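Here's the letter readout for the chains.
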Amino acid sequence: MKTKRVLKEIYSWSKVILFGLLLAFFIKNTVVASAKVPTGSMEGTVMTGSRIIINRLAYLYGNPQRGDIVAFYYPDDGQTLYLKRIVGLPGETIEGIDSKIYIDGTQIKDFTENEFDENFGPFVIPENCYFMMGDNRNNSWDSRYWKNKFVDMQEIIGKAELEYYPQLKILK
C-alpha cells in the first residue's frame with residue numbers, strides 16, 4: 001500500500017518535471033534566447049561578458065529598424081552567432097566618410113559617439129538584407145569587412161532586448 005502511494009507520487013512529480021522541461025525547451029527555441037557577449041565589438045552599449053535576452057518574436061509582425069541591436073548568423077559561415085546594430089536597411093546606399101555615416105547621400109545621426117578610422121562603401125543594400133555595425137566602431141568585425149556584406153532577414157535570430165548580467169538594463 002505504501003509502495004503504491006510512493007510510486008504514484010513519483011509518477012505525478014515526473015509528469016510535472018517533464019512538462020516543465022518541455023515548456024522551457026519550447027520557450028528557449030521559439031520565444032526568447034539567452035546569449036553571452038564574447039567580444040568588445042558592442043562596447044559602449046553591451047560590454048564583453050554581458051548576458052542578454054534576445055526576443056525571437058520581435059519581427060514576427062514587423063521589420064527590423066535602423067538602430068535595433070540584433071543577434072544573427074554571421075553571413076560568411078552561417079553558423080557563428082553575432083550581435084550588432086542595424087545601420088543600413090534594404091534598398092539603401094550606405095557609405096562611411098570621415099567617421100560619419102551617409103544613407104542615400106544624407107548624413108544620419110549615429111547611434112554611438114565612437115568614431116571609425118576607415119572610410120567604407122558605398123554599398124547598395126539588397127532587398128531583405130541589412131548592413132550591420134558594432135558600436136565599438138574601430139574594434140568590430142562587421143559588414144564593412146565581411147566577404148558577404150549583408151545579413152539576410154532569414155538569418156536574424158531576434159532583437160536583443162535586455163541585459164541581465166552584470167547589470168539589468170533595457171538595450172537601445
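Residues numbered from 1 in each chain as written. Predicted model: local features only at pLDDT ≥ 70, side-chain atom pairs only at ≥ 80, totals over all residues. Heavy atoms only, no water.

Peer 1: Explanation requested: the pairing of strand β5 (residues 93-97) in the structure shown.
Peer 2: Strand residues, when the strand is regular, have side chains that alternate between the two faces of the sheet. Of the two faces of β5, only the one carrying Ile 94 and Gly 96 is buried; Thr 93, Glu 95 and Ile 97 on the other face are not. Examined bridge by bridge, β5 and strand β6 (residues 100-103) share four bridges and lie antiparallel to one another. If you follow Ile 94 over to β6, its bridge partner there is Ile 103. Counting the residues that bridge the hairpin from β5 to β6 gives two residues, and of these Asp 98 lies at a positive phi of roughly 50°. (Buried < 20%, exposed > 50% of the residue type's maximum accessible area, 1.4 Å probe, protein only. Helix = DSSP H or I, 4+ residues; strand = E, 2+ residues; numbered from the N terminus. Pairing = 2+ DSSP bridges.)

Peer 1: I would appreciate a short explanation of the packing of aromatic side chains in the present structure.
Peer 2: In this description, an aromatic ring pair is defined by two values, namely the gap between the centres and the angle between the planes. Enumeration over the complete set of coordinates arrives at eleven aromatic pairs. Each ring, one from Tyr 74 and one from Trp 146, has its centre 5.6 Å from the other, and the planes form 70°; the classification is edge-to-face. Of this pair, Tyr 74 sits in the loop between β3 (69-73) and β4 (81-88) while Trp 146 sits in the loop between β9 (129-133) and β10 (151-152), and the two are 72 residues apart along the sequence. Centroid distance Phe 116 to Phe 120: 5.6 Å. Interplanar angle 50°. Geometry classified as tilted. Pair check on accessibility: Phe 116 and Phe 120 agree, each one buried. One aromatic cluster is present, built from ring pairs that chain together Phe 116, Phe 120, Phe 123, Phe 131 and Phe 150. (Phe/Tyr/Trp six-rings, centres within 6.5 Å; stacked < 30°, edge-to-face > 60°.)

Peer 1: Sorry, what's going on with unusual backbone geometry here?
Peer 2: Peptide bonds are mostly trans, and most non-glycine residues show a negative phi. The omega torsion across Gly 121 and Pro 122 is 5°, close enough to zero to call that bond cis. The peptide bond linking Tyr 165 to Pro 166 adopts the cis configuration, its omega dihedral lying at 5°. Tracing the sequence through the fold places Pro 166 in the loop between β11 (156-165) and β12 (169-170). The backbone of Asp 98 shows a phi angle near 50°, a positive value even though the residue is not glycine. Within the fold, Asp 98 resides in the loop between β5 and β6. A positive phi is found at Ser 99, a non-glycine position, where the angle reads about 65°. Relative to the helices and strands, Ser 99 resides in the loop between β5 and β6.

Peer 1: Looking at this structure, I do not really get the pairing of β3. What am I missing?
Peer 2: Along β3, four of the five residues are buried, which leaves the element largely enclosed by surrounding structure. With five bridges joining them, β3 and β4 adopt antiparallel strand pairing. Residue pairing for β4: Ile 69 is matched across the bridge by Arg 85. Relative to β11, β3 runs antiparallel, the two being bridged by three bridges. In the strand pairing of β11, Ala 71 is matched with Gly 158.

Peer 1: Would you explain the sheet that holds strand β8 (residues 120-124) in this entry?
Peer 2: What holds strands together in a sheet is hydrogen bonding between their backbones, with the strands either parallel or antiparallel. Strand order in the open sheet made by the four strands is β7-β6-β5-β8, with antiparallel pairing throughout. The open sheet has two edge strands with one neighbour each: β7 (106-107) and β8.

Peer 1: What should I look at first to understand the side chain of Asp 142 in this one?
Peer 2: By the secondary structure assignment, Asp 142 is in the loop between β9 and β10. With relative accessibility at 0%, the residue Asp 142 sits in the buried group. Dropping the residues within four chain positions of it, Asp 142 is found in contact with Lys 84, Met 132, Met 133 and Gly 134. (Contact = heavy atoms within 4.5 Å.)

Don't take any of this as a statement about function, it's just geometry.
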